[in-house]
Amino acid sequence: MYNNNFRTFSEYMKKEDNALTASMEDYLEMIYRLSMDTGFTRIHELSYALNVQPPSATKMVQRLGELGLLKYEKYGVIILEEEGKKAGEALIRRHNTIEDLLKVLGVAERAILAETEKVEHTLSDETIKCFEEYVDFIKKNPDVATRFNAFRNSEG
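Residues numbered from 1 in each chain as written. Predicted model: local features only at pLDDT ≥ 70, side-chain atom pairs only at ≥ 80, totals over all residues. Heavy atoms only, no water.

J.: How should the overall build of the protein be read in this particular structure?
T.: When its secondary structure is counted, the protein shows eight helices and three strands. Along the chain direction, N to C, the helices and strands of the protein fall in the order α-α-β-α-α-β-β-α-α-α-α. Going through the 156 residues of the protein one by one, you find that 28% of them count as buried. Across the protein, every contact between residues at least 6 apart in sequence was considered, and the portion connecting residues at least 24 apart equals 57%. (Helix = DSSP H or I, 4+ residues; strand = E, 2+ residues; numbered from the N terminus. Buried < 20%, exposed > 50% of the residue type's maximum accessible area, 1.4 Å probe, protein only. Contact = heavy atoms within 4.5 Å.)

Right, dumping it as structure tokens:
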């Protein structure tokens, strides 16, 4: 019997509860990272960090401002609103969780950032929570990680 629950990737990627696109999430996450120490960042710092042109960064920052996530005035500083801070913090946590899981699984260090970036926008909060719990379990039970690594090495 055929299971008729499959959808195309684009159907799965339609956000039910989140108005932010993957690109918006990347910008918000980076703005949060860049403003952690000072409380603000600037367009040139953001565009440099994301490898985009300043006009592209400006357009996205203006869109995020329209959503009430940050304050920005032309040629000024970018300051996250409370909602933007919460979202940025959640995005960093999600990123770090995926990165931690990939490390636990033995993904090559040189590939971890790219793989994290590819995966992070495609997973639900529920799945991320499962990843967090698994990584926490492995950290509290290092013998499991040791046995897993021994298994991987013996299979290769």
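Let us keep going from here.
J.: Any chance you could explain the sheet that holds strand β2 (residues 70-72) here in plain terms?
T.: Across a sheet, strands are paired by hydrogen bonds formed along the backbone, either parallel or antiparallel in direction. Overall, antiparallel pairing links the three strands, which are arranged β1-β3-β2 in an open sheet. A single partner strand is all that each edge strand has here, and the edge strands are β1 (41-42) and β2. Pairing between β1 and strand β3 (residues 77-80): two bridges, direction antiparallel. Within β3, the position partnered with Thr41 by the bridge is Ile78. This element, helix α4 (residues 54-66), spans β2 and β3 of the sheet and lies at about 130° to β2. (Pairing = 2+ DSSP bridges. Axes fitted to C-alpha atoms, helices over the stretch in contact; angles between N-to-C directions.)

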